[in-house]
Amino acid sequence: MADSQVPGAYFDAASSEPPHPAARAALLDALESGWADPARLYGAARGARVMLDEARARAAGVLGVRPDELSFTTSGTQAVHLAVLGALKARRRAGRHLVVGAVEHSSVLHAAETHEADGGEVTVVGVDRDGRVDPAAFAAALRPDTALACLQSANHEVGTLQPVAEAAEACRAAGVPLFVDAAQSAGRLAVPGGWSYLAASAHKWGGPPGVGLLVVRKGNRWRSPLPHDERGDRRVPGFENVPSAVAAAAALEARAAEAAGEAPRLFALVDRIRTRVPELVPDVEVVGHPVERLPHLVTFSCLYVPGEALLTELDRLGFAVSSGSSCTADTLRPSHVLEAMGVITHGNVRVSLPRGANPDDVDRFLAVLPRTVARLRRAAGVSAP
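Residues numbered from 1 in each chain as written. Predicted model: local features only at pLDDT ≥ 70, side-chain atom pairs only at ≥ 80, totals over all residues. Heavy atoms only, no water.

Draft legend 1. The arrangement of the overall build of the protein chain in detail. What the protein chain contains, in helices and strands, is ten helices and twelve strands. The globule rule puts the C-alpha radius of gyration for 385 residues at 21 Å, and the 21 Å found for the protein chain is close to it. By residue count, 53% of the 385 residues in the protein chain fall in the buried class. Across the protein chain, the fraction of contacts at a sequence separation of at least 24, relative to all contacts at a separation of at least 6, is 74%. Accessible surface computed for the protein chain: about 16,100 Å², of which carbon and sulfur atoms make up 55%. Charge separation in the protein chain, taken as the distance between the mean sites of 40 positive and 43 negative side-chain charges, equals 3 Å. (Helix = DSSP H or I, 4+ residues; strand = E, 2+ residues; numbered from the N terminus. Rg over C-alpha atoms; globule rule 2.2 N^0.38 Å. Buried < 20%, exposed > 50% of the residue type's maximum accessible area, 1.4 Å probe, protein only. Contact = heavy atoms within 4.5 Å. Areas by Shrake-Rupley, 256 points an atom, 1.4 Å probe, with all protein chains shown as cover. Lys, Arg positive; Asp, Glu negative; His and termini not counted. Charge placed at Lys NZ, Arg CZ, Asp CG, Glu CD.)

Draft legend 2. Spatial organisation of the sheet that holds strand 12 (residues 348–352). As summarised here, the arrangement of the three strands in space is 9-10-12, forming an open sheet in which the pairing is antiparallel. For this open sheet the edge positions go to strand 9 (284–287) and strand 12, each flanked by a neighbour on one side alone. Recorded for the sheet is a direction-independent mean angle of 25° between the axes of neighbouring strands. The sheet strands contacting helix 7 (residues 242–280) are strand 9, strand 10 (297–302) and strand 12, and the helix crosses strand 10 at an angle near 15°. (Pairing = 2+ DSSP bridges. Axes fitted to C-alpha atoms, helices over the stretch in contact; angles between N-to-C directions.)

Draft legend 3. Just the sheet that holds strand 7 (residues 197–201), in detail. Strand order in the open sheet formed by seven strands is 2-8-7-6-5-3-4, with mixed pairing between adjacent strands. Where the open sheet ends on each side, the last strands, each with one partner, are strand 2 (70–73) and strand 4 (121–125). Across the sheet, the mean angle from the axis of one strand to that of its neighbour is 20°, orientation sign disregarded. Pairing analysis gives five bridges linking strand 3 (residues 97–101) to strand 4, with the strands arranged parallel. Within strand 4, the residue paired with Leu98 across the bridge is Val122. Seen against the sheet, helix 4 (residues 106–117) touches strand 3, strand 4, strand 5 (146–150) and strand 6 (178–181) and runs at an angle of roughly 160° to strand 3. Each of strand 5 and strand 6 is contacted by helix 6 (residues 164–174), which is oriented at about 160° to strand 6, the strand it contacts most.

Draft legend 4. Seen up close, the nonpolar core. Counting residues in each nonpolar core, the largest one holds 55 residues, and the members touching the most others are Phe72, Phe138, Leu178, Trp205 and Leu213. Per element, the largest residue contribution to this core is nine residues, and it comes from helix 7. Sequence-distant contacts of Phe72, that is, excluding residues within four places in its chain, are made with Leu52, Ala55, Arg56, Ala59, Val211, Gly212, Leu213, Val236 and Ala245. By size, the runner-up hydrophobic cluster in this structure holds 30 residues, among which are Val270, Val284, Leu310 and Val349. (Core = buried A, V, L, I, M, F, W, Y, C linked by side-chain atoms within 4.5 Å.)

Draft legend 5. A look at the pairing of strand 2. Of the two faces of strand 2, the one lined by Leu70 and Phe72 and the one lined by Ser71 and Thr73 are each fully buried. Here strand 2 pairs with strand 8 (residues 212–216) via four bridges, running antiparallel. Residue pairing across strands places Phe72 opposite Leu213, the latter belonging to strand 8.

Draft legend 6. Spatial organisation of the packing of helix 7 against helix 10 (residues 359–379). Remark: helix 7 packs on helix 10, axes separated minimally by 10 Å, with the N-to-C direction vectors making an angle of 15°. The orientation of helix 7 with respect to helix 10, classified from their angle, is roughly parallel. Crossing handedness for the pair helix 7 and helix 10: right-handed. Contacts between helix 7 and helix 10 involve Arg265, Leu269, Arg272, Ile273, Arg276, Val277 and Leu280 from the former and Pro359, Val362, Asp363, Leu366, Leu369 and Pro370 from the latter. For the contact of helix 7 with helix 10, a count of residues per class yields nine nonpolar, no polar and four charged. (Parallel < 35°, antiparallel > 145°, perpendicular 65-115°, else oblique. Left-handed = near helix turned anticlockwise from the far one by under 90°. Nonpolar A, V, L, I, M, F, W, Y, C, P; charged D, E, K, R; others polar.)

Draft legend 7. Looking closely at helix 7. With 39 residues, helix 7 extends just 49 Å between its outermost C-alpha atoms, more than 12% less than the 57 Å of an ideal straight helix rising 1.5 Å per residue. Along helix 7, the sharpest kink reaches roughly 65°, centred on Ala259. (Expected span 1.5 Å × (residues − 1). Bend = angle between axes of the 7 residues up to and from the residue.)

Draft legend 8. Molecular detail of the confidence of the model for the protein chain. Chain-level pLDDT for the protein chain is 94 on average; 95% of the residues reach the 70-or-more range. A low-confidence stretch, residues 325–331 (pLDDT under 50), is modelled with six contacts involving residues beyond four sequence positions or located in other chains. (pLDDT = per-residue confidence, 0-100.)

Draft legend 9. Expanded view of the environment of Thr73. Residue placement: Thr73 occurs in strand 2. In the structure, Thr73 is positioned 162 residues away from Arg235 in sequence and 8.8 Å away in space, judged by C-alpha atoms. Contact partners of Thr73, with chain neighbours within four places excluded, come to Gln78, Ala79, Leu82, Gly210, Val211, Gly212, Leu213, Leu214 and Val236. Among the polar contacts made by the side chain of Thr73, one reaches the main-chain carbonyl oxygen of Ser75 at a distance of 2.7 Å. (Polar contact = N/O pair within 3.5 Å; in protein donor to acceptor, adjacent residues only side chain to side chain.)

Shown next, in the form of structure tokens:
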């Protein structure tokens, strides 16, 4: 817990962005008028249905898709699982081969494990030291029996942008649909076109938690891997969370409208961290592509420092940062992303700046980091160079 006398700075937007004011206002309004069952025919229900349909249209407009191609899910993870497993199920006659990048989110890799356990085959395409998939290697992994290929828009741990446009072109030439996990880029950067399926997560752009987006483009086969459900568009089972869907769409629209001004500002702040940390702290490796990256995220690894101890100390000093993926942070296993990149996997710190991040907080972080690392190294018996 941070000291109550220390000003706090939230630097973990890649895990969850603070609620956008547009989401908060939309959620409160929708809770008042959008609580009824949108599948019913009475007045309050029809009103809820209109709100849900408008939210779908607004979110689809930001992503450049048709409203009937988009469904609200209960999380980004559910959207990923439905997209991957649903596409594989629908294309079983085409083949049972799946292609994934080595640094995909754990939800994609777990879906691949499920496919493999069911008798499918998985090819994992490696990455370079920046965490980027080689488009030629990705294209070479496609086969006549490939049912689906998966490539994230940007990496969730190091921020590197993936070659989605090149991968989509290779998939089009091979007649293979492409799934894109856009959790980290939706609302921040436009996703290149050419993909067939997409997933995203509302709390990553300042929407409410517990809302994801699943997009299945027209002309692509998809069958639910879950039991049949009569509600809604039949892609996502269960009662629709209308207020949260409305808030998610409002936040996505607002973030996309702000991106042209906010993204360059955050990019410059992250550039400052990328440049200054190696100058201020010895034995540090900054990872991820320096230019082809998300605007708000930087990751670095400090030798001779336990990552958990560093994060705890930074929290005490008022900085909320993370280490690796939030999905594996509570395990002892090193980050699969950093392992695949061949970079340092311990003493890892991910700084991801939220909208409106204060430059003074960044300067304060750069001021406290060197002495914090030095103190922890001394405690570990490591002498300063």
